[in-house]
Structure formats: structure tokens, C-alpha cells
Amino acid sequence: MVNSTAAAMNGGVRAGLPLASLNHISIVCRSVEASLRFYTDVLGFVPIRRPGSFNFNGAWLFNYGIGIHLLQSEDPDSLPEKREINPMDNHISFQCESMVAVERRLKELGIPYVQRVVEEGGINVDQIFFHDPDGFMIEICNCDNLPVIPLAGDRAPVMGACKRAAAAAVVKQQQQQQSAVPVPPAPAPVTAAQCVPSSGNAAAIRVGEEAHISCA
């Protein structure tokens, strides 16, 4: 259900579109088949049914609460080749609880990667960056080590495995307090049990589910 509080007026200016969550990202591929193998075998996504009305080649996958939509390029040779792994390039990032297991698996698969460590207030965040078959960059991190701190207001940092969902609730509460338009109360914070997907069970994957990669 779309979150109606996101459309609340904030000092006469709309806070943003009435969005609920990230649904999917689309990636144009040289080869849908090669990318499909990568996203299933390396990242653990599950192929799902794609609308039969589409008249172009592609594939849909789902896991960790988001979808990946692969689109076959009409001119594969025109796609730029990226060999250098640049952490400042466009990328999608996945939270992981075992960076050691990720690094070991990438070595087993022979996938090149680079590592970075971000230090903030005595907290270290480990990052691993690598490319998919088309040079689109993937990051695996333990970024949840950092608290999510809204820039507005004086709310305390939000901690925990599902702190991003809880932080969103904090932001919504701030919008309600500053808004002249009455809005419904923010939903209860998501519990940790709701944030961990069933391992290896494709039947347990549900659209709209929030989760993070558990690599342990």
C-alpha cells in the first residue's frame, strides 16, 4: 500500500511523492542469459514470471525485497566496457553479515573485486565492489554498522538490523510534527524477525518483503 504520509504538506511544500518502497532496478545487458546466471548463481536472486505480453527479450528476478529486471540490449556492441572497478561509479549495494564469506566466495568464482573500509566515529564499514557481466557495479557491505541519522530535527540515531525502516518512521514523525495537515500515525517499527528471509526457500519470497543478504 502506498504510504499516504509521504504526500503530507511540510510548510507548504510537499515532502515528496507518495512512495512506499524500492520495487526493482532495470539493467540493460549484452546477454540476458549471462546476466541471469550471474544474478542467480552469485547474488542468489530467483527468476520469477515475466509478463507474457512483452515483445522483447529479458528476465525478471527477485530476492531481498527487491526485483532485478534484465533487458536485452538491441545493440550489445554499443555498450561500454568497464574493466576498472571504481567505488565511486554507479552501483547497487547489498547488506551482508559475513564479509569473510563473501570474499571467499568471490575468490572461488574468480570474480575480481576491490575492498574499501570507511571509518566514521570509531565505526568501521567494510565494502567489497565488483562488476556484473556488463560492468554494472555491485557493492556488498556491512553498512548497517552505521546508525541512520536524519539530518533534520534532534532525533537520536536509529540502530539495529532493520534501522532503515525504523529511521523512515522517524522521518515520517518529523514530517507530521512540522505539517499543518493531519496525517495518520507512523506504522510500528519492523521487527528483526520480519527482516530476515528464509534461506534457500524460493517459496518464502514475497513481493514487498524487506530483507538483507545473510551470508553467514
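Just so you know, the residues in each chain are numbered from 1, in the order the chain's sequence is written. Local features in this predicted model are restricted to residues whose pLDDT is 70 or higher, and side-chain atom pairs enter the listing and the counts only when it is 80 or higher, whereas totals over whole chains, interfaces and linings include all residues. In computing side-chain values, all of the structure's heavy atoms are included and hydrogens and water are not.

- Under an unreviewed UniProt entry, the name given to the chain is VOC domain-containing protein, and the source organism is Eragrostis curvula.

## Quick notes on the sheet that holds strand β10 (residues 137–141)
Part 1: We call two strands paired when DSSP finds no fewer than two bridges between them. Strands are runs of DSSP state E lasting at least 2 residues, helices are runs of H or I lasting at least 4, and numbering of each runs from the N terminus. One open sheet accounts for four strands, arranged β7-β10-β9-β8; its pairing is mixed. Bordering the open sheet on either side are β7 (91–95) and β8 (114–120), each of which pairs with just one other strand. Put simply, the sheet's adjacent strands are angled 25° from each other on average, direction ignored.
Part 2: The sheet contact formed by β8 and strand β9 (residues 123–131) spans seven bridges and is antiparallel. Across the sheet, the residue bridging to Val117 is Asp126, located in β9. The axes used here are C-alpha line fits, helices contributing only the stretch in contact, and every angle between their N-to-C directions lies in the interval 0 to 180 degrees.

## Remarks on the pattern of salt bridges
Part 1: Take a side-chain nitrogen of Lys or Arg and a carboxyl oxygen of Asp or Glu: if they are within 4 Å of each other, that pair is a salt bridge. Counted under the stated rule, the structure contains five salt bridges.
Part 2: Salt-bridge contacts for Asp134 lead to Arg30; the nearest nitrogen and oxygen are separated by 3.5 Å. Placement of the pair is Asp134 in the loop between β9 and β10 and Arg30 in the loop between β3 (24–29) and α1 (32–41), with a sequence separation of 104 residues.
Part 3: By relative accessible area, which is 25% here, Arg30 ends up partly exposed.
Part 4: Residues Glu103 and Lys107 are paired through a salt bridge, measuring 3.7 Å at the closest nitrogen-oxygen approach. Throughout this description, buried means an accessible area under 20% of the type-specific maximum (1.4 Å probe, protein chains only), exposed means over 50%, and partly exposed covers the range between.

## A look at the sheet that holds β3
Part 1: What the four strands build is an open sheet, ordered β3-β6-β5-β4; its pairing is mixed. Each edge of the open sheet carries a strand with a single partner, namely β3 and β4 (46–48). The sheet shows a mean angle of 30° between the axes of neighbouring strands, taken without regard to direction.
Part 2: Summarising the sheet, strand β5 (residues 58–63) and strand β6 (residues 66–72) pair through six bridges and their orientation is antiparallel. Counterpart to Phe62 in the pairing with β6 is Gly67.
Part 3: Of the strands in this sheet, β3, β4, β5 and β6 touch α1, which is tilted by about 160° from β6. The contact criterion used is simple: two residues touch if any of their non-hydrogen atoms lie within 4.5 Å.

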